[in-house]
Amino acid sequence: MSEATENSGGGAADHVALVTGAARGLGAAIAARLAAAGHPVVLADVLDGVEDTAARLRDAGGEARAIRLDVADAAAVAALPETLGAWWERLAILVNNAGVSPKVDGRKRPVEEIPLEEWNRVLAVNLTGPFLLSQRCIPVMRARGWGRIVMMTSQAAHVPSSITGAYYGASKAGLMGFARNLAAELGRDGITVNSVAPGRIMSDMVAGAAPGMNEAFLARIPLGRLGEPAEVAEVVAFLASDAAAYLTGTTIDVGGGSYMP
Ligand code: NAD
């Protein structure tokens, strides 16, 4: 048995995973993949539908529960130990997936038309939320000497986007920088922190794009198709596993080759 496995303090059933934005899209696929791997999964979302998503995972044989949580609500995040009860002590995996990308008629707002409240909300959900959740979860991960934090960033963190507003790229680039700093701070505690940067993955967020936008993006994808949420979930599950013990502070691009550093 490797040292990494010994340090993990048990198998998948002993590693509770908290996935934000898990009612639908990438988050739902990540929750399903982690549940299938044997992790008890907490699905957190602002949408009522998160209950149904968790119920589907239970029907499929997984251990899953849903909570209503706005990741930008500092008081609600602070109360997570009480909310989760006995599950909290086994919290070992945090996937900061919740995100917003406001559009007007399926198109991005030009910078000069972004209202301050909208700028603040995007930063609050996409960047401050992961900060609050990571901060809250670090002590319980540190106590067992094992933890995995995965940030859902975006290709828009690397390159300008014709589809998402400037605040979105700013928040995701900030999230990537936050992940690297966190990785440097937490490595000695046995906690890894990595980013996943999807390109264009079919979800409600992407389906809401104006006509022609996804088709235009498609032309730039070497693999010739949009991605599936399950393909992102696979990478997250790897990063959350013992197999990824020697990866931290890195970003895995999941975009069919649409971004090559
Ligand atoms: P989606 O809109 O389909 O799902 C996002 C989920 O997050 C929703 O269930 C939503 O209710 C939830 N959410 C929003 N605000 C929240 C909050 N304050 N607190 C808790 N939950 C909240 O989007 P998706 O495509 O599944 O995207 C998931 C993540 O992946 C996002 O962070 C997004 O920025 C990122 N991403 C997606 C793509 C893509 O192509 N789909 C590409 C790059 C990055």
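Please refer to the structure higher up on the page.
Please read these numbers as outputs of a predicted model, since none were measured by experiment.

The rules behind the values
Residues numbered from 1 in each chain as written. Predicted model: local features only at pLDDT ≥ 70, side-chain atom pairs only at ≥ 80, totals over all residues. Heavy atoms only, no water. Helix = DSSP H or I, 4+ residues; strand = E, 2+ residues; numbered from the N terminus. Near = heavy atom within 4 Å. Polar contact = N/O pair within 3.5 Å; in protein donor to acceptor, adjacent residues only side chain to side chain. Areas by Shrake-Rupley, 256 points an atom, 1.4 Å probe, with all protein chains shown as cover. Nonpolar A, V, L, I, M, F, W, Y, C, P; charged D, E, K, R; others polar. Phe/Tyr/Trp six-rings, centres within 6.5 Å; stacked < 30°, edge-to-face > 60°. Lys NZ or Arg CZ within 6 Å of the ring centre and 35° of its normal. Buried < 20%, exposed > 50% of the residue type's maximum accessible area, 1.4 Å probe, protein only. Contact = heavy atoms within 4.5 Å. Core = buried A, V, L, I, M, F, W, Y, C linked by side-chain atoms within 4.5 Å. Pairing = 2+ DSSP bridges. Right-handed = clockwise from strand over helix to strand, strands pointing away. Axes fitted to C-alpha atoms, helices over the stretch in contact; angles between N-to-C directions. Parallel < 35°, antiparallel > 145°, perpendicular 65-115°, else oblique. Left-handed = near helix turned anticlockwise from the far one by under 90°. Expected span 1.5 Å × (residues − 1).

**Here we look at unusual backbone geometry**
Across the chain, the bulk of peptide bonds are trans and the bulk of non-glycine residues have phi less than zero.
Consideration 1: Backbone geometry places Asp 105, a non-glycine residue, at a positive phi of 50°.
Consideration 2: Note on placement: Asp 105 falls in the loop between strand 4 (91-96) and helix 6 (116-144).

**Quick word on the site of the ligand**
Consideration 1: Contacts to the ligand come from 30 residues, most closely from Asp 45, Asn 97, Tyr 168, Ile 201 and Ser 203.
Consideration 2: One of the backbone N or O atoms of Val 71 is found 3.0 Å from a nitrogen atom in the ligand.
Consideration 3: In the model, an oxygen atom of the ligand is placed 2.8 Å from a nitrogen or oxygen of the Lys 172 side chain.
Consideration 4: In the complex, the protein chains occlude 96% of the 830 Å² of accessible area that the ligand would expose alone.
Consideration 5: Every element with two or more residues in the shell around the ligand is listed here: helix 2 (25-36), helix 6, helix 7 (166-186) and helix 8 (204-207).
Consideration 6: Its residues assigned to classes, the shell around the ligand shows 15 nonpolar, eight polar and seven charged.

**Quick word on the packing of aromatic side chains**
Consideration 1: Under the counting rule described, the total for this entry stands at two aromatic pairs.
Consideration 2: Taking the ring centre of Phe 217 as reference, the NZ or CZ of Arg 220 above it sits at 4.5 Å.

**A look at the side chain of Asn 214**
Consideration 1: For Asn 214, the position within the fold is in helix 9 (residues 213-218).
Consideration 2: Using a relative accessible area of 12% as the deciding quantity, one classes Asn 214 as buried.
Consideration 3: Within the local environment of Asn 214, its side chain forms a polar contact with the side chain of Arg 200, the two groups lying 2.8 Å apart.
Consideration 4: In terms of polar contacts, Asn 214 uses its side chain to reach the backbone carbonyl oxygen of Val 206, at 3.1 Å.
Consideration 5: For Asn 214, the contacting residues outside a window of four places in its chain are Arg 200, Met 202, Val 206, Ala 209 and Leu 226.

**Some details on the nonpolar core**
Consideration 1: Core analysis: the biggest nonpolar cluster contains 34 residues, and Leu 34, Leu 43 and Val 196 have the highest contact counts within it.
Consideration 2: Of all the elements in the fold, those that place two or more residues in this core are strand 1 (16-20), helix 2, strand 2 (41-45), helix 3 (50-59), strand 3 (64-68), strand 4, strand 5 (147-152) and helix 10 (229-239).
Consideration 3: Among residues more than four places away in sequence, those in contact with Val 196 are Val 150, Met 151, Met 152, Thr 153, Ser 154, Val 232, Val 235, Val 236, Leu 239, Ile 252 and Val 254.
Consideration 4: Membership of the second largest hydrophobic core comes to 31 residues, among which are Val 42, Val 77, Leu 132 and Ile 138.

**Thoughts on the pairing of strand 3**
As a general feature of sheets, a regular strand has side chains that alternate between the two faces.
Consideration 1: Strand direction decides the pairing type here: strand 2 and strand 3, joined by five bridges, are parallel. Residue pairing for strand 3: Val 41 is matched across the bridge by Ala 64.
Consideration 2: Handedness of the crossover joining strand 2 and strand 3 through helix 3 is recorded here as right-handed.

**Regarding the environment of Ala 244**
Consideration 1: With respect to the secondary-structure elements, Ala 244 resides in the loop between helix 10 and strand 7 (251-254).
Consideration 2: On the accessibility criterion, Ala 244 (1% relative accessible area) is buried.
Consideration 3: In the structure, Ala 244 is positioned 52 residues away from Thr 192 in sequence and 8.8 Å away in space, judged by C-alpha atoms.
Consideration 4: Setting aside residues up to four positions removed in sequence, Ala 244 forms contacts with Arg 148, Phe 238 and Leu 239.

**Observations regarding the environment of Val 125**
Consideration 1: Mapped onto the elements, Val 125 comes out in helix 6.
Consideration 2: Spatially, the C-alpha atom of Val 125 lies 6.0 Å from that of Gly 99, the residues being 26 residues apart in sequence.

**Quick notes on the packing of helix 6 against helix 7**
Consideration 1: Close contact between helix 6 and helix 7 brings their axes to 9 Å; oriented N to C, the two are set at 15°. Compared by their axis directions, helix 6 and helix 7 come out roughly parallel. Judged by the twist between their axes, the crossing of helix 6 over helix 7 is right-handed. Residues Glu 118, Trp 119, Val 122, Leu 123, Asn 126, Leu 127, Pro 130, Phe 131, Ser 134, Ile 138 and Arg 142 of helix 6 lie in contact with helix 7, whose contacting residues are Tyr 167, Tyr 168, Ala 170, Ser 171, Lys 172, Gly 174, Leu 175, Phe 178, Leu 182 and Leu 186.
Consideration 2: Across the contact of helix 6 with helix 7, the residue classes break down as 14 nonpolar, four polar and three charged.

**Quick notes on helix 2**
Consideration 1: The terminal C-alpha atoms of helix 2 lie 17 Å apart, and with twelve residues this matches the ideal 16 Å at 1.5 Å per residue to within 8%.
Consideration 2: Every buried residue of helix 2 is accounted for by Leu 26, Gly 27, Ala 28, Ala 29, Ile 30, Ala 31, Leu 34 and Ala 35.
Consideration 3: Looking at the residues trailing helix 2, positive phi occurs at Gly 38, about 100°.

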